[in-house]
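Close look at the chain arrangement
The primary structure of each chain is shown beneath.
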Amino acid sequence: MHIPDGFLDTKTWVSAMGISSASVGYGIKKLKQEFDYKKIPLMGVIAAFIFAAQMINFPVAGGTSGHLIGALLAAAIMGPFSAMIIMSTILIIQCFIFLDGGVTALGANILNMGIIATWGGYCIYRLLDKENALHPFALFVGAWVSVVISALAASIELAVSGTIPFSVVIPAMLFWHAIIGIGEGIITVFVISYVKKVKPEMLENGGNGNGEV
Amino acid sequence: MEKFNSIVVGLLIALIIGVFLSPFASSFPDGLERVAEDKGFIKSAVDSGFPSLIADYTFPGVENEKLATSLAGFIGVIVTFVAAIAVGKAVARKESR
């Protein structure tokens, strides 16, 4: 769902850049109060894994593909503030090294896939799983919502930019991403179940895991 | 030692996906590209003109397409790992060191 340059007008990408910068800045401030040094290697591994998984487009239907975003995966393991920073790091690398996502659209891509996907997915996950116990159903629904809400945000940015009317872009984007979100849910549940099985201490407090790796 | 092992295993899994699975990824348009094609605004996309090292996950100068993607995946996984560690070090709570 990486928006290229040219899809967003100046007011939209500048606004998105501003909201993203403020959110990431707030996230960094929060992490400086609570992020433990021993979680650093895990942050590296999760970021590397999400980058790799994002390269794997899976076919969905009718000649369309999707790939993992990974925002809820990161948020469920590391917490939402870390997840915002992990996703932003990945999106910056994809933008400047791989030209995946436009340079002017970087703020919007961070907003959609790093901030809105993270918080939208995480809120739903915690609503369904109040103990933060990494319950598969809650993870699946949270992951699905993270993709769909991210697609909704992208649609709004495209429409506000005057690229395409709201009434056209919203149903089309939601249709495809409702399907792609199923893949997101399956991968998120599979990966967390695997980690839970082989390395449960890493996740012993759910999303508040101690990060022992 | 155990800590070291888990990090190495995790990184190896990421590398296996990025290097060996990535050449077989679907080349169908993703959700946004599909909508942009169907609704006729794909032409709005412009090249940022930003000088990139590995545009579109294809390592330059490598004729074999699958190998070019694998190399891009390898570099991307390592760069992301190192960058996230550096970011983690920059944001971690100082007293927790």
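The notes below deal with the structure included here. (Residues numbered from 1 in each chain as written. Chains lettered and ligands numbered in written order. Predicted model: local features only at pLDDT ≥ 70, side-chain atom pairs only at ≥ 80, totals over all residues. Heavy atoms only, no water.)

Notes on the packing of aromatic side chains
Taken as a whole and assessed by the stated rule, the structure comprises nine aromatic pairs over all chains. Residues Phe51(A) and Phe98(A) carry aromatic rings whose centres are separated by 5.4 Å and whose planes lie at 45 degrees to one another, so their mutual orientation is tilted. Residue Phe51(A) is located in helix H2 (residues 40–55), and its partner Phe98(A) is located in helix H4 (residues 80–98); the two are separated by 47 residues in the primary sequence. Take Phe51(A): its relative accessible area is 0%, and that puts it in the buried class. Note on Phe98(A) and Tyr57(B): the rings are 4.8 Å apart at their centroids and 10 degrees apart in plane angle, and the pair reads as stacked. One end of the pair, Phe98(A), is in helix H4; the other, Tyr57(B), is in the loop between helix H2 (31–38) and helix H3 (65–91), on a second chain. The buried category is assigned to Tyr57(B), whose relative accessible area is 15%. Members of the aromatic cluster, joined through ring pairs, are Tyr26(A), Phe81(A), Trp119(A), Tyr122(A) and Tyr125(A). (Phe/Tyr/Trp six-rings, centres within 6.5 Å; stacked < 30°, edge-to-face > 60°. Helix = DSSP H or I, 4+ residues; strand = E, 2+ residues; numbered from the N terminus. Buried < 20%, exposed > 50% of the residue type's maximum accessible area, 1.4 Å probe, protein only.)

Side note on helix H3 (residues 71–78) of chain A
For H3(A), the buried fraction is high: eight of the eight residues fall into the buried class. Looking at the buried residues of H3(A), the elements they touch are H2, H4, helix H5 (106–128), helix H6 (136–160) and helix H7 (166–198) of chain A. (Contact = heavy atoms within 4.5 Å.)

Points about the interface of chain A and chain B
The partner chain B presents 58 residues to the 62 residues of chain A that form the contact. On the chain A side of the interface with chain B, the three residues burying the most area are Tyr37(A), Met55(A) and Phe98(A), jointly 14% of the side's total. Our enumeration of links across chain A and chain B arrives at one salt bridge. Close ionic contact of Arg93(B) with Asp36(A) constitutes a salt bridge, the shortest N to O distance being 3.8 Å. The tally of links between chain A and chain B comes to 15 residue pairs in polar contact (both at pLDDT 80 or more). Within the residue set of the side of chain A that touches chain B, elements represented by two or more residues are helix H1 (10–34), H2, strand S1 (58–59), H4 and H7 of chain A. Of the residues forming the side of chain A that touches chain B, the biggest block, 13 residues, is contributed by H2(A). When its residues are assigned to classes, the side of chain A that touches chain B shows 41 nonpolar, 13 polar and eight charged. (Buried area = accessible area lost by both parts, 1.4 Å probe. Salt bridge = Lys/Arg side-chain N within 4 Å of Asp/Glu carboxyl O. Polar contact = N/O pair within 3.5 Å; in protein donor to acceptor, adjacent residues only side chain to side chain. Nonpolar A, V, L, I, M, F, W, Y, C, P; charged D, E, K, R; others polar.)

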